[in-house]
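If you want the building blocks of each chain, they are given just below.
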Amino acid sequence: MRIGLIGTGRIGTFHAAALARRPEVESLVVADVDAARAADLAARLGATAAPSVDALFPGGASGSGVDALVITAATSAHAQLIARGARAGLPVFCEKPIALDLPGTLAALTEVESAGTILQLGFQRRFDAGYAAARAAVRSGRLGRLHTVRATTSDPAPPPAAYLPLSGGLYRDCLVHDFDILRWVTGREVTEVYATGSDAGPAMFREAGDVDTAAVLLTLDDGTLATATATRCNGAGYDVRMELAGEADQIAVGLHARTPLTSAEPDGPGAPDKPWPGFLERFAPAYEAELAAFVDVVRGELANPCDGREALHALRIAEACELSRAERRVVRLAEIAGA
């Protein structure tokens, strides 16, 4: 199998290395708008560097032999690259999001569905062992009737100021992972949200019209209540957790020796010696697993575990949160286009 990868930044470099280790991937071709960066990565991995992104598509120097595409380019390029891959008849793996708005997302999905090709989205938490175990516990009935879910995503430090206007905001960029995994673990749909946020931290958030901390109350279609919180300013470390409470039992995802959490109890555990510094370290096995799944999907050995419509559902929740924060009211998902 010959796979083309577009985008050789931090996550692209990680994915390229993971693909290079897969025995099924006989050849890896990497491309970037910065051709020198692509060439440097290719040299380190023993891969091939394409002279341009265009070279990976039919008519280009490398396109005719590519069996699938992995897109880890800048978010603004995702929708266009997905559409080009679909028109070329290529299976595509793309990091979230498809696009930062609903029209762009729907247009790309239309291209994929019209072409009858495969689009797998990079929601890596679906491949994390803890979240998978939580899903199994909920589906087995072990927790009894689920009544409360609490999810949190906390970054240890804010991103560069230049990133914020391009990110889509805290709900679309960060909490969208919690919205996706909430649906996946519980098997339920969100019917309404109430969201609020604070920009009391670094001034760059106010300047970008974004918030550095957010909280959302979500009601699921069976009456289960869920909260999702996020912050860009968690100095203790990278913290991603989910708690699920039912009438019979409750469990937590993300409790680990490296969870950046210190007990206030006199006899409780202290601060971890080596807290998670970021998402790549925390979810490295999950990232590996989602790419292994994509290879199996391309080989026809596995059904698509996270297609583009899943990304649309998560984005609609994020859009509802943005509307709720702006108008300071409960927003029903039925109000958001794209269902």
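Just above sits the structure.
Colleague: Got a minute to help me understand the nonpolar core in this structure?
Modeller: Nonpolar side chains in soluble globular proteins tend to end up buried together. Grouped together as the largest cluster of nonpolar side chains are 79 residues, with contacts concentrated most on V193, L218 and L244. One finds M1, A18, L19 and L28 within the second-largest nonpolar core, a separate group that totals 19 residues.

Colleague: Can you help me understand a nonpolar patch on the surface in this one?
Modeller: A cluster of nonpolar side chains, namely Y194, L217, L225 and V330, defines an oily patch on the protein surface of about 320 Å² accessible area. Here L225 lies in strand β10 (residues 225-231).

Colleague: Can you help me understand the sheet that holds strand β2 (residues 27-31) in this one?
Modeller: Within a sheet, adjacent strands bond to each other through the backbone by hydrogen bonds, running parallel or antiparallel. Ordered in space as β3-β2-β1-β4-β5-β6, the 6 strands form an open sheet in which the pairing is parallel. Each having just a single partner strand, β3 (48-49) and β6 (119-122) make up the two edges of the open sheet. Where strand β1 (residues 2-6) and β2 come together, 5 bridges link them in parallel fashion. Opposite G4, over in β2, you have V29 as the bridge partner. Contacts from helix α10 (residues 284-298) reach β1, β4 (68-71), β5 (92-95) and β6, with the element oriented near 160° to β5.

Colleague: Could you clarify how one ought to interpret the pattern of salt bridges in this entry?
Modeller: Two side chains of opposite charge can pair, provided their charged atoms sit close to one another. Considering all chains together, one arrives at 30 salt bridges under this definition. E113 serves as the salt-bridge partner of R309, at 2.8 Å between the closest nitrogen and oxygen. Placement of the pair is R309 in helix α11 (residues 308-327) and E113 in helix α4 (residues 102-115), with a sequence separation of 196 residues. Residue R309 is classed as partly exposed on the basis of its relative accessible area, which comes to 29%. With a relative accessible area of 47%, E113 lands in the partly exposed category.

Colleague: Just checking my understanding: could you explain helix α7 (residues 170-186) for this structure?
Modeller: What sets the pattern is the α-helix's 3.6 residues per turn: residues three or four places apart point alike. With 17 residues, α7 should reach 24 Å at 1.5 Å per residue; the first-to-last C-alpha distance of 23 Å fits that figure. Most pronounced at V176, the bend in α7 amounts to some 50°. The buried count for α7 comes to 17 of 17 residues, which makes it a mostly enclosed element. G187 occupies a position one or two residues after α7 and carries a positive phi of about 75°.

Colleague: Would you mind showing me how to read the environment of I11 here?
Modeller: Summarising the element assignment, I11 is placed in helix α1 (residues 10-21). For I11, a relative accessible area of 17% corresponds to the buried category. Separated by 61 residues in the primary sequence, I11 and T72 have C-alpha atoms spaced 6.7 Å apart. When neighbours within four sequence positions are excluded, I11 is seen to be in contact with T72, E95, F279, L280 and Y287.

Colleague: What exactly am I supposed to notice about the environment of V138 here?
Modeller: Tracing the chain through its elements places V138 in helix α5 (residues 129-140). The buried category is assigned to V138, whose relative accessible area is 16%. With 49 residues separating them in the primary sequence, V138 and G187 have C-alpha atoms 8.7 Å apart. When neighbours within four sequence positions are excluded, V138 is seen to be in contact with L143, V185, T186 and L244.

Colleague: What exactly am I supposed to notice about unusual backbone geometry here?
Modeller: Only a minority of non-glycine residues have a phi that is not negative, and only a minority of peptide bonds are not trans. Going from K96 to P97, the amide bond is cis rather than trans, its omega being -5°. Structurally, P97 is set in the loop between β5 and α4. One non-glycine residue, R328, adopts positive backbone phi at about 50°. The residue R328 is located in the loop between α11 and β13 (331-332) in this model. Since its relative accessible area comes to 62%, R328 is described here as exposed.

Colleague: Please explain α1 as it appears in this structure.
Modeller: Taking 1.5 Å of rise per residue, the 12 residues of α1 would be expected to cover 16 Å, and the 17 Å separating its terminal C-alpha atoms lies within 8% of that figure. Taken together, the buried positions of α1 are I11, G12, H15, A16, A17, A18 and L19.

Colleague: Quick question: what am I supposed to make of the state of the cysteines here?
Modeller: Throughout this description, disulfide means a covalent bond between two cysteine sulfur atoms. Applying the stated criterion across every chain yields a total of 0 disulfides. The thiol of C233 is unpaired, and the distance to the nearest cysteine sulfur, on C174, comes to 11 Å. Residue C233 is classed as partly exposed on the basis of its relative accessible area of 36%. C174 provides the cysteine sulfur closest to C321, a residue in no disulfide bond, and the two sulfurs are 12 Å apart. Taking the relative accessible area as the measure of exposure, C321 reaches 0% and is therefore buried.

Colleague: Is there a simple way to think about the pairing of β10 in this case?
Modeller: Where a strand is regular, its side chains alternate between the two sheet faces. Across 7 bridges, strand β7 (residues 146-154) lies against β10 in parallel orientation. Residue pairing across strands places T152 opposite T229, the latter belonging to β10. Bridge analysis of strand β9 (residues 213-220) against β10 gives 7 bridges, and the strand direction is antiparallel. Residue T213 lies in a different strand from β10, and its bridge partner there is T231. With antiparallel pairing between neighbouring strands as the criterion, β9 and β10 make up a hairpin whose turn holds 4 residues, including G223 at a positive phi of roughly 95°.

Here is what the cut-offs are and how they apply
Residues take numbers from 1 onward in each chain, read along the sequence in its written order. Only residues with pLDDT of at least 70 are given local features in this predicted model, and only at 80 or more are side-chain atom pairs given and counted; all residues enter the totals for whole chains, interfaces and linings. Side-chain calculation: all heavy atoms of the structure are included, whereas hydrogens and water are not. What is meant by a nonpolar core is a set of buried Ala, Val, Leu, Ile, Met, Phe, Trp, Tyr and Cys residues, joined one to another through side-chain atoms within 4.5 Å. When accessible area is computed with a 1.4 Å probe and restricted to protein chains, residues below 20% of their type maximum are described as buried, those above 50% as exposed, and intermediate ones as partly exposed. By definition, no residue in a patch forms a salt bridge, and every one has over 30% relative accessible area; like charges are joined within 9 Å, nonpolar side chains (Val, Leu, Ile, Met, Phe, Trp, Tyr) within 5 Å. We get accessible surface area from the Shrake-Rupley algorithm with a probe of 1.4 Å; when it comes to residues, only the shown protein chains can shield them. We count a salt bridge whenever a side-chain nitrogen from Lys or Arg sits within 4 Å of a carboxyl oxygen from Asp or Glu. Here a helix means four or more residues in a row that DSSP labels H or I, a strand means two or more in a row labelled E, and each is numbered from the N terminus. Pairing between strands is defined by DSSP: at least two bridges between them are needed. The contact definition used throughout considers only heavy atoms, calling two residues in contact when any of these lie within 4.5 Å. Fitted lines through C-alpha atoms give the axes, limited to the stretch in contact for helices. The angle between two N-to-C directions lies from 0 to 180 degrees. By this rule the span expected of a helix is its residue count minus one, scaled by 1.5 Å. One axis fitted to the seven residues ending at a residue, another fitted to the seven starting there: the angle between these axes is the bend at that residue. Whenever a pair of cysteine sulfur atoms sits within 2.5 Å, that pair is classed as a disulfide.

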